[in-house]
Amino acid sequence: MRLERHNKIATIVSSDFKQVLLLEHLGISLVVGEKTVQEVCDENHINPDLYLCFASLFHNQPLPQVPHFNENDVQTMVRYLQNSHRYYQTERIPKLQNYIQILSQQNQSQGSKLLENFVQNYINEITEHFEYENNVVFPYMLSLASHQAPDSAYSVIDYKEQHHNIDEALADIKGLLVKYLPINEDEKLRRKLLNCLFDLEHDLIIHSQIEDHLLIPLVEKFEANELNALPNNNVQIEDKKNANLSEREIAVLRLLLEGFSNKEVADKLHISTHTVISHRKNITQKIGIKSLAGLTIYALQNNLIQLTQP
Ligand SMILES: [Fe+2]
Ligand SMILES: [Fe+2]
């Protein structure tokens with residue numbers, strides 16, 4: 001069924017109960033009566049085209065051809081994503097941890113211990129992923145969408161480059177559980193655990209599609225507009241010529257100008273991505289230049305880098 005603005009929300013939810021989560025993550029009350037998508041969205045100040053994109057993803061349908069999204073849509077997307085992070089962290093992950101602990105108590109085999117470690121490492125990884133998005137990416141996007149100059153040299157391109165699929169490891173966990181792991185006398189536990197993993201995987205796939213296919217392209221567009229509106233960097237260079245960068249900041253700057261991403265710089269200097277972002281922020285504050293093109297000019301003028309002949 002192709003979802004349309006005139007469809008009743010109650011009909012959509014009745015045919016696909018998982019859409020309840022969509023309402024919850026958007027902060028819409030489940031008591032929707034006979035109201036249509038258009039009516040509920042109008043009441044909640046949500047773009048109905050964006051709602052239909054989300055609902056299509058929940059319905060395992062491809063994203064519809066979408067008209068132009070705007071700054072308000074960034075806010076709606078970020079709200080949805082923040083609420084779903086909270087839901088994973090307070091409900092889904094504790095449930096998964098609980099099942100894995102019971103499994104490990106029931107089955108003392110090496111395989112069960114390894115699976116427990118694998119799941120715990122995975123949980124640590126996605127927790128770090130959510131915290132990075134909550135603390136760095138989303139605040140940046142919201143300030144860009146509200147036309148406030150973000151106070152860092154961060155770019156959505158950094159996020160895009162390092163944004164990886166957090167649902168992939170779940171397929172391995174499911175495979176191990178189905179194919180190899182005997183569970184002593186409690187097949188119900190295996191079923192519950194698998195159910196939990198399938199649900200989490202389904203949610204995370206939708207979540208990542210919203211980030212990769214809706215949010216990132218939209219913010220890239222805003223970012224391009226913002227950079228075009230910046231004043232001529234050459235003027236700023238004269239004022240900030242003598243900025244005092246630390247050795248570590250210079251090392252970060254050189255690598256960034258060589259074209260390495262935040263993550264690659266972090267790996268090369270054996271520091272965290274957060275530290276690289278913090279150095280970028282300090283560099284920008286000290287010399288007052290945001291764009292990589294402007295930073296290149298600054299670095300050339302101050303003999304921090306040299307142009308190599310092709
Ligand atoms: Fe996320
Ligand atoms: Fe993500």
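Residues numbered from 1 in each chain as written. Chains lettered and ligands numbered in written order. Predicted model: local features only at pLDDT ≥ 70, side-chain atom pairs only at ≥ 80, totals over all residues.

A. Quick peek at the overall build of the protein. A tally of regular secondary structure across the protein gives 14 helices and 0 strands. Counting helices and strands in the order they occur from the N terminus, the protein gives α-α-α-α-α-α-α-α-α-α-α-α-α-α. The buried share among the 310 residues of the protein stands at 25%. The contacts in the protein between residues at least 6 apart in sequence include a share of 72% that link residues at least 24 apart. (Helix = DSSP H or I, 4+ residues; strand = E, 2+ residues; numbered from the N terminus. Buried ≥ 20, exposed ≤ 12 C-beta atoms within 10 Å, placed from the backbone. Contact = placed C-beta atoms within 7 Å.)

B. Quick peek at the nonpolar core. Among the nonpolar cores identified, the biggest contains 48 residues, and Y51, F54, M77, M141 and I210 are the most heavily contacted of them. For M141, the residues in contact, after removing those within four places along its chain, are V74, V78 and V219. Counting residues in each nonpolar core, the second largest holds 10 residues, with I100, L103, V119 and I173 among its members. (Core = buried A, V, L, I, M, F, W, Y, C linked by C-beta atoms within 7 Å.)

C. Up close: the environment of K286. With respect to the secondary-structure elements, K286 resides in helix α13 (residues 273-287). Counting along the chain gives 42 residues from K286 to N244, while the straight-line C-alpha distance between them is 7.2 Å.

D. Just helix α11 (residues 247-257), in detail. What α11 keeps buried is the set V252, L253 and L256. Seen from one end, α11 has its buried residues packed into an arc of 100°, which puts them on one side. Directly after α11, the chain includes G259, whose backbone phi takes a positive value near 100°. (Arc of directions from axis to C-beta.)

E. Looking closely at the environment of L50. Structurally, L50 can be placed in helix α4 (residues 48-58). On the neighbour-count criterion, L50 (22 C-beta atoms within 10 Å) is buried. Apart from residues no more than four positions distant in its own chain, L50 is found in contact with F69, D73 and T76.

F. Local environment of the packing of helix α12 (residues 262-269) against α13. Between α12 and α13, the shortest axis-to-axis distance is 8 Å and the interhelical angle comes to 110°. Comparing their axes, α13 and α12 come out roughly perpendicular. Here α12 contributes N262, K263, V265 and A266 to the contact with α13, which in turn contributes T273, T275, V276 and I277. Split into classes, the residues belonging to the contact of α12 with α13 amount to 4 nonpolar, 3 polar and 1 charged. (Axes fitted to C-alpha atoms, helices over the stretch in contact; angles between N-to-C directions. Parallel < 35°, antiparallel > 145°, perpendicular 65-115°, else oblique. Nonpolar A, V, L, I, M, F, W, Y, C, P; charged D, E, K, R; others polar.)

G. Highlighting unusual backbone geometry. Phi is positive for H45, which is not a glycine, with a value near 55°. As for its position among the elements, H45 is in the loop between α3 (37-43) and α4.

H. Broad picture of the packing of helix α5 (residues 71-106) against helix α6 (residues 110-145). Direction vectors running N to C along α5 and α6 enclose 165°, while the axes themselves pass 10 Å from each other. Between α5 and α6, the interaxial angle falls into the category roughly antiparallel. The chirality of how α5 crosses α6 is left-handed. Considered class by class, the residues forming the contact of α5 with α6 number 13 nonpolar, 9 polar and 3 charged. (Left-handed = near helix turned anticlockwise from the far one by under 90°.)

I. Structural detail: the confidence of the model for the protein. Scored by pLDDT, the protein comes out at a mean of 83, with 88% of its residues at no less than 70. When the elements of the protein are averaged for pLDDT, helix α10 (residues 233-240) gives the smallest value, 40, and α3 the largest, 95. Counting contacts from residues 232-242, a segment whose pLDDT is below 50, to residues more than four positions away or on other chains yields 17 contacts. (pLDDT = per-residue confidence, 0-100.)

J. Just the environment of V119, in detail. Note that V119 resides in helix α6. V119 sits 54 residues away from I173 along the chain, and the two C-alpha atoms are 7.5 Å apart.

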